[in-house]
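The lines below spell out each chain.
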Amino acid sequence: MAAFEAVVRLGYRYVETDVRATSDGVLLAFHDATLDRVTDRTGRIAELSYPEVAQARIAGTEPITLLADLLGTWPSLRVNVDVKEPSAIRPLVELLRRTAAVDRVCVASFSNARLGAVRAALGPRLCTSMSIEETARLRAASLLSWAGPHWAQRQPAAGCVQVPPRVRAVPVPMVDRRFIATAHSRGLQVHVWTVNDASEMSRLLDLGVDGIITDEAGLLREVLQARGAWPG
């Protein structure tokens, strides 16, 4: 919560977090599958009950944040939520319904199945990113000036595409003017992750991306302020 509070104090209105569920269905704002790397406890989160996980401390001091607490502490904050495991789907759907937060989140996942399950449960009001398959098809369309067969019928139920600047296995950058133009022509925003270098932030903003996901919130604010693009 200290990290989220820090970026809210900087003036951000959007944050990003991964989510995982404990064995008893409590949803955590947490990246790792285990407690081992960043807390003073060990074990797989999916195999531990929340009372067990609640004893863990990040860097020895901070408890792991509940997604419910993140949504409840800042009612106007928008949250990008990456669903890391199938066990998190049902708790996420229930939480968003219970807190009436469907309009405040954008759901992402590397898994087409997880993304599809959340879309099916929450319907067209929910903002999601594109799936991996949808993103690949969009990139192909941008490179070939071709949308593929039946693009209109297969238009994804997404509000954005979220991608890294480059993919090592691909010989061309993931994000370039053609990709952004193709996404924008389909009503999709382009969000790029995870960008922690000021020159790369500026390059992507010059290209016309709509959002940057970063670990360096202060640095991104400085870049936006220098460009006259910070809303505060």
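Everything below is about the structure shown above.
In this text, all values refer to a predicted model and were calculated from it rather than measured experimentally.

Quick notes on the rules
Residues numbered from 1 in each chain as written. Predicted model: local features only at pLDDT ≥ 70, side-chain atom pairs only at ≥ 80, totals over all residues. Heavy atoms only, no water. Helix = DSSP H or I, 4+ residues; strand = E, 2+ residues; numbered from the N terminus. Rg over C-alpha atoms; globule rule 2.2 N^0.38 Å. Buried < 20%, exposed > 50% of the residue type's maximum accessible area, 1.4 Å probe, protein only. Contact = heavy atoms within 4.5 Å. Areas by Shrake-Rupley, 256 points an atom, 1.4 Å probe, with all protein chains shown as cover. Axes fitted to C-alpha atoms, helices over the stretch in contact; angles between N-to-C directions. Parallel < 35°, antiparallel > 145°, perpendicular 65-115°, else oblique. Left-handed = near helix turned anticlockwise from the far one by under 90°. Nonpolar A, V, L, I, M, F, W, Y, C, P; charged D, E, K, R; others polar. Pairing = 2+ DSSP bridges. Lys, Arg positive; Asp, Glu negative; His and termini not counted. Salt bridge = Lys/Arg side-chain N within 4 Å of Asp/Glu carboxyl O.

Student: Explain the overall build of the chain residue by residue, including any values.
Tutor: Within the chain, the secondary structure is distributed over nine helices and eight strands. Taking 232 residues into account, the globule formula puts the C-alpha radius of gyration at 17 Å, and the chain, at 18 Å, falls close to it. Taking the principal axes of the C-alpha coordinates as reference, the chain spans close to 55 × 40 × 35 Å. Taking all 232 residues of the chain together, 45% fall into the buried category. Looking at the chain alone, contacts between residues at least 24 apart form 55% of all its contacts between residues at least 6 apart. Per element, the accessible surface of the chain, about 11,800 Å² overall, is 53% carbon and sulfur.

Student: Can you break down the packing of helix α6 (residues 132-144) against helix α7 (residues 177-185) residue by residue, with the values?
Tutor: Contact geometry of α6 with α7 gives a least axis separation of 8 Å together with a crossing angle of 115 degrees. Between α6 and α7, the angle falls in the class roughly perpendicular. Crossing handedness for the pair α6 and α7: right-handed. Along the contact surface, α6 presents Leu-138, Arg-139, Ala-141, Ser-142 and Leu-143, while α7 presents Arg-178, Phe-179, Thr-182 and Ala-183. Of the residues assigned to the contact of α6 with α7, the class counts are five nonpolar, two polar and two charged.

Student: If you had to explain unusual backbone geometry to someone new, which residues and values would you point to?
Tutor: Even without glycine at this site, Ala-59 takes up a positive phi of about 55 degrees. In this fold, Ala-59 is placed in the loop between α2 (50-53) and α3 (67-73). Here Ala-100, not a glycine, exhibits a phi torsion of approximately 50 degrees, which is positive.

Student: Help me get a handle on the sheet that holds strand β8 (residues 211-212), residues and values and all.
Tutor: Spatial ordering of the open sheet is given by β6-β7-β8, a layout of three strands whose pairing is parallel. The strands lining the two open edges of the sheet, one partner per strand, are β6 (160-163) and β8. Bridge count for β6 against strand β7 (residues 189-192) is four bridges, and the pairing is parallel. Looking at β7, one finds that Val-163 is bridged to Val-192. Those strands touched by α7 are β6 and β7, and its axis lies near 135 degrees from that of β7.

Student: Tell me about the side chain of Asp-18, and please be specific about residues and values.
Tutor: Among the secondary structure elements, Asp-18 is positioned in strand β1 (residues 14-21). Notably, Asp-18 is buried but unbridged: the nearest opposite-charge side chain belongs to Lys-84, and the N-O separation is 4.2 Å. Apart from the residues lying within four places of it in its own chain, the contact partners of Asp-18 are Leu-28, Ala-29, Phe-30, His-31, Asp-82 and Lys-84.

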